[in-house]
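Residue-level structure breakdown
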Amino acid sequence: MLDVKILRSEYDRVEEALKNRGKSLDLIADFPKLDARRRELLQESESLKNRRNTVSAEVAKLKKNRENADDLILEMREVSDKIKGMDEEVRELESQISELTLAIPNIPHESVPIGASEEENVELRRWSEPRKFDFEPKAHWDIAQSLDILDFEAGAKVTGSRFTFYKGLGARLERALINFMMDLHSDHGYEEMLPPYIVNRDSLYGTGQLPKFEEDLFKLCDSDYYLIPTAEVPVTNYHREEILNPEDLPKKYVAYSSCFRSEAGAAGRDTRGLIRQHQFNKVEMVKIVHPESSFDELEKMTIDAERVLQLLELPYRVLVLCTGDMGFGSMKTYDLEVWLPESGVYREISSCSNIGDFQARRANIRYRPEPKAKPEFVHTLNGSGLAVGRTVAAILENYQQADGSVVIPEVLRPYMRNVSVIEQKK
């Protein structure tokens, strides 16, 4: 949530940020008049309250001297009714302002490139050259079905489209990747967590999915519970409504979970295979840090995510997202895109973002810089380390062999009970 003080004192800056994000200025158009009316009412109310206090003293004096105070008492009743009406209007205005601020995206950091869409994201670096095949590489869904390790049809029968059964060595590969990623990030200093997969509305407000993105969520019928879209939600909200000790920062967590997304508006995009599923596993990194160190922590988090791909020996590139392609709450985001040979493109496998104090304001996560000092908001960061299904897809395509088999990356073999190749069943 944007600090309302920024809207008051730097309205032009917020307008510019919305333009750069490609958002309508209608989001904040009503703020000046709402805020001016609120301040006007507060001043009038304060003046009337001062008048009431003065007259109350006069009434008390008149009564003490046994003099008539009826006219003043009647006047004060009218003043009290007027103050009550003003206070109610102020509460309504503050509710409207709060609702307005909840709909405003974060202000991009000055280092973020200005652009309208993903075409204007800026590539920063690449790692490893894509493999050159001496045969026509297949798509991961075709490889998986021929090896009988993924069953998309059964997933559609049992649940619906974009749900999948992992089978045999496919299920083991998914589990191996989760364990490998969790171990690696634990070695990077992240504390391991296994969070709830169901959260309440307050948690989703805290991380910014509500109220704006409710259509992307799976809501449990007749309840205020939702399936999580990412472990970022429960893990960040672990510290909701807390004041943290500065010496305990940064806090670094890693969690794996299933993620559930309705993918509203995504019909027709990546409907085949593992790229865009309604349910998928993901290993998520979350940091809660001192504000002054948050951009350094973003660089470190991105390197931690890259290390997964390096150890798996999967070619990838790193992009910094432009203003028009960043997520709602992000100040700055790096995307890691892995190479998929069949389509000949790099596809997103991780996003690492610095959210600044945007979530901390919503979730009221603070720290006290010094003993007895006024609490201040922390900065929060999150990043995929990695999306597991997409990693499976990348392994199947990059490690496929001419005979239809798939070689297991060497670093994963201890997690696969030393299986080195997935072959077609005899």
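Here, the structure is the one placed above.
This section reports on the structure supplied with the text.

Reading the values: rules and limits
Residues numbered from 1 in each chain as written. Predicted model: local features only at pLDDT ≥ 70, side-chain atom pairs only at ≥ 80, totals over all residues. Heavy atoms only, no water. Helix = DSSP H or I, 4+ residues; strand = E, 2+ residues; numbered from the N terminus. Buried < 20%, exposed > 50% of the residue type's maximum accessible area, 1.4 Å probe, protein only. Contact = heavy atoms within 4.5 Å. Areas by Shrake-Rupley, 256 points an atom, 1.4 Å probe, with all protein chains shown as cover. Pairing = 2+ DSSP bridges. Phe/Tyr/Trp six-rings, centres within 6.5 Å; stacked < 30°, edge-to-face > 60°. 1 Å grid on protein atoms, 1.4 Å probe; cavity = no way out; pocket = protein on both sides within 12 Å on 5 of 7 lines; lining within 4 Å. Points joined across faces, edges and corners; volume = space filled by probe spheres on them. Nonpolar A, V, L, I, M, F, W, Y, C, P; charged D, E, K, R; others polar. Salt bridge = Lys/Arg side-chain N within 4 Å of Asp/Glu carboxyl O. Axes fitted to C-alpha atoms, helices over the stretch in contact; angles between N-to-C directions. Parallel < 35°, antiparallel > 145°, perpendicular 65-115°, else oblique. Left-handed = near helix turned anticlockwise from the far one by under 90°.

A closer look at the overall build of the chain
Along the backbone of the chain there are 13 helices and 17 strands. Across the 426 residues in the chain, those meeting the buried criterion constitute 50%. A separation of at least 24 residues holds for 72% of the contacts in the chain among residues at least 6 apart in sequence. By element, 46% of the accessible surface of the chain is carried by carbon and sulfur atoms, the whole surface being about 21,100 Å².

Quick word on the sheet that holds strand β7 (residues 243-244)
With respect to topology, 3 strands assemble into an open sheet ordered β7-β13-β14, the strand pairing being mixed. Among the strands making up the open sheet, the edge pair consists of β7 and β14 (376-377). Here β7 runs beside strand β13 (residues 366-367); their pairing, made up of 2 bridges, is parallel. From the neighbouring strand, Leu244 faces β13, where its bridge partner is Tyr367.

What about the packing of aromatic side chains?
Considering all chains together, one arrives at 7 aromatic pairs under this definition. Here Trp127 and Tyr316 contribute two aromatic rings whose centre-to-centre distance is 5.8 Å and whose plane-to-plane angle is 15 degrees, an arrangement assigned as stacked. Pair noted here: Trp127 is in strand β1 (residues 122-127) and Tyr316 is in strand β10 (residues 316-320), with a separation of 189 residues, a long-range link. In this structure Tyr316 comes out as buried when scored by relative accessible area, which is 1%. An angle of 65 degrees between the planes, with centres 6.1 Å apart, marks the rings of Phe180 and Tyr415 as edge-to-face. Here Phe180 is found in helix α8 (residues 168-187), whereas its partner Tyr415 is found in the loop between β16 (406-407) and β17 (421-422), with 235 residues between them in sequence. With relative accessibility at 4%, the residue Phe180 sits in the buried group.

Quick look at helix α13 (residues 388-398)
Burial within α13 is extensive, with 11 of its 11 residues counted as buried. Buried within α13 we find Val388, Gly389, Arg390, Thr391, Val392, Ala393, Ala394, Ile395, Leu396, Glu397 and Asn398.

Some details on the layout of surface pockets
Size it by volume and the second largest pocket reaches roughly 390 Å³. Taken together, 21 residues make up the lining of the second largest pocket; nearest its centre are Arg13, Ile107, Pro108, His109 and Met331. When contributions to the lining of the second largest pocket are tallied by element, the ones reaching two or more residues are α2 (11-21) and α12 (358-363). Residues of the lining of the second largest pocket, tallied by class, amount to 10 nonpolar, 5 polar and 6 charged.

Overview of the pattern of salt bridges
A side chain of one charge can pair with a side chain of the opposite charge when the charged atoms of the two come close. One pass over the full model with this rule turns up 22 salt bridges. Put simply, Arg13 and Glu10 hold a salt bridge, and the shortest N to O gap is 3.3 Å. The exposure class of Glu10 is partly exposed, given its relative accessible area of 32%. Close ionic contact of Asp30 with Lys33 constitutes a salt bridge, the shortest N to O distance being 3.7 Å. On the basis of relative accessible area, Asp30 is assigned to the partly exposed category, the value being 38%. Taking relative accessible area as the criterion, Lys33 reaches 56% and is therefore assigned exposed. Within the structure, one salt-bridge network assembled from shared partners comprises Arg8, Asp35, Arg38, Arg39 and Glu94.

Remarks on the packing of helix α4 (residues 31-64) against helix α5 (residues 70-102)
Put simply, α4 and α5 touch, their axes get as near as 9 Å, and they point 155 degrees apart. If you check the angle between α4 and α5, you find them roughly antiparallel. Crossing hand, α4 versus α5: left-handed. Looking at side-chain class alone, the contact of α4 with α5 contains 18 nonpolar, 3 polar and 14 charged residues.

Quick look at the sheet that holds strand β11 (residues 332-340)
Taken in spatial order, the 8 strands make up an open sheet running β1-β10-β11-β12-β15-β9-β8-β4, and their pairing is mixed. On the outer flanks of this sheet lie β1 and β4 (191-193), each paired with one strand and no other. In this sheet, neighbouring strand axes are inclined to one another by 25 degrees on average, regardless of whether the strands run parallel or antiparallel. Sheet analysis places strand β12 (residues 345-356) next to strand β15 (residues 379-387), joined by 4 bridges and oriented antiparallel. Looking across to β15, one finds that Cys352 is bridged to Gly383. Running over the sheet, α8 touches β4, β8 (251-260), β9 (279-289) and β15 and is turned about 5 degrees from β9. Sitting on the sheet, helix α11 (residues 294-312) touches β1, β9, β10, β11, β12 and β15, and the angle it makes with β15 is about 5 degrees.

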